[in-house]
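Listed below are the residues making up each chain.
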Amino acid sequence: MTSSENRRITDLGTLKAIAHPLRMRLYRALHVARTATASQLAEQVDEAVSLVSYHLRKLAEHGLIEEAEAQSADGRERWWQPSSYGISIHDEDVRDAPELAAASAAFGRTVDEQRSQMYARFRDERHTWSDEWRSAAISSEWLPRLTAPELAALGKELDALLKKYDQAARAAEAAGDTEGRENVAVHLHGFPYRG
C-alpha cells in the first residue's frame, strides 16, 4: 500500500536509480496514473514495453514503486503503484558524501530538464487549452530577501499548502468528482543567488 509520506532517499543505489531520465519519467507517469502496467506506461513514454518493464523492476528493487492489486482480469499483467506519496532528498544526507552529492546533482538536473520540457510543451500547446485553463495557469517570480530559516519555513508552508490541495483533489476524485479535472504541474524553486 502506498505510504502517505514522502520517501527520504539517503542511499547511493536508490539515488542513482531515480536519477535515470527514463525512470524519472516512468515514476512521474505512475504517480499521475496512480496504478498502471508496463504496457500503459510504455505508451505514455513512447518506449518498448520490455525496456519499460526493465526500468520498472529497477525502481521496484529500490522500493520506489511496488506491485499493485490487479485492475483487470488478465492475470498476465503486472500492475504497479508508487510506494510513497513522493520522494525527497535532503542536503544534509548527501553533502558529506561526494558520490551521493554527485548523484543528487544528476537527479536534480534530470528533474529540472523534465520540468522545463513540461512547461515548454504547455507553452507550445497553450492554444489547445480552454480560456479557463489558460487563465488559471500561473507563472510568477518573487525575489524576497530572506534568511535561510525563513526560506526553510516558506518551503514547509508551501509543501503543506500543496499537499492540502492534492489530498482534497484525490478525495474528490475518489468520490466521483472528475468533471473538469486535469493533471496539473506545480514547480517551485527557492534558492539564494547573487546579483
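Numbers given to residues run from 1 along each chain, matching the order in which its sequence is written. Two thresholds apply to this predicted model, a pLDDT of at least 70 for residue-level local features and 80 or more for giving and counting side-chain atom pairs, whereas whole-chain, interface and lining totals are computed over all residues. Here the side-chain values reflect all heavy atoms present in the structure, with hydrogen atoms and water set aside.

A closer look at the overall build of the protein
By definition, any uninterrupted DSSP run of H or I lasting at least four residues is a helix, any uninterrupted run of E lasting at least two residues is a strand, and each is numbered from the N terminus. When its secondary structure is counted, the protein shows eight helices and five strands. Reading the helices (α) and strands (β) of the protein from amino to carboxyl end gives β-α-α-β-α-α-β-β-β-α-α-α-α. To get the radius of gyration, use the C-alpha atoms; to get the globule rule, take the number of residues to the power 0.38 and multiply by 2.2 Å. Taking 2.2 N^0.38 as the reference for a compact globule, 195 residues should give roughly 16 Å; the C-alpha atoms of the protein span a radius of gyration of 18 Å, in line with that estimate. With respect to the principal axes defined by its C-alpha atoms, the protein has extents near 55 × 50 × 30 Å. A 1.4 Å probe rolled over the protein chains alone gives each residue an accessible area, and that area as a share of the maximum for its type sets the label: buried under 20%, exposed over 50%, partly exposed in between. The buried share among the 195 residues of the protein stands at 24%. We call two residues contacting when some pair of their heavy atoms lies within 4.5 Å. The contacts of the protein with a sequence gap of at least 6 include a subset with a gap of at least 24, amounting to 66%.

Quick look at unusual backbone geometry
Of note, the phi angle at Arg34 is positive, near 75 degrees, even though the residue is not glycine. Here Arg34 is to be found in the loop between α2 (21-33) and β2 (36-37). Arg34 sits in the partly exposed class, given a relative accessible area of 32%. For Asp46, which is not a glycine, the phi torsion comes out positive at approximately 55 degrees. Looking at the element boundaries, Asp46 is found in the loop between α3 (38-45) and α4 (49-61). For Asp46, a relative accessible area of 68% corresponds to the exposed category.

Observations concerning the pairing of strand β4 (residues 79-82)
Side chains Trp79 and Gln81 project from β4 onto one buried face, and the interleaved Trp80 and Pro82 project onto a second face that is buried too. When DSSP finds two or more bridges between two strands, those strands count as paired. The pairing of β2 with β4 spans two bridges and is classified as antiparallel. In the sheet register, Thr37 faces β4, and the bridge partner there is Trp79. Looking at chain direction, strand β3 (residues 65-67) and β4 are connected through three bridges and run antiparallel. Following the sheet pairing, Glu67 is matched in β4 by Trp80.

Quick notes on α2
Here, expected helix span is obtained from the residue count minus one, scaled by 1.5 Å. Relative to the 18 Å expected for 13 residues at 1.5 Å per residue, α2 spans 18 Å between its end C-alpha atoms, a close match to the ideal helical length. Where α2 terminates, the next one or two residues include Arg34, which has phi positive at roughly 75 degrees.

Details of the sheet that holds β4
Sheet architecture is open: three strands sit in the order β2-β4-β3, paired in antiparallel fashion. Taken across any chain shown, the strands that pair with only one partner, and hence form the sheet edges, are β2 and β3. An axis is simply a line fitted to the C-alpha atoms; with a helix, the fit covers only the stretch in contact. Between two such axes, the angle follows the N-to-C directions and lies from 0 to 180 degrees. Lying over the sheet, α2 contacts β2, β3 and β4, oriented at roughly 95 degrees with respect to β4.

Quick word on the packing of α2 against α3
Across the interface, α2 lies against α3 with an axial gap of 10 Å and an inter-helix angle of 115 degrees. Of the possible angle classes, the one that applies to α2 and α3 is roughly perpendicular. Here α2 runs over α3; the crossing is right-handed. On the side of α2, the interface is formed by Leu22, Arg25, Leu26, Ala29 and Leu30, while α3 contributes Leu41, Gln44 and Val45. Should an angle fall under 35 degrees it is taken as roughly parallel, and over 145 as roughly antiparallel, whereas 65 to 115 is taken as roughly perpendicular and any remaining angle as oblique. Left-handed describes a crossing whose near helix is turned anticlockwise from the far helix by less than a right angle; the clockwise case is right-handed.

A few points about the side chain of Thr37
Its location among the elements puts Thr37 in strand β2. Take Thr37: its relative accessible area is 3%, and that puts it in the buried class. With residues up to four places along the chain from it excluded, the contact list for Thr37 reads Glu77, Arg78 and Trp79.

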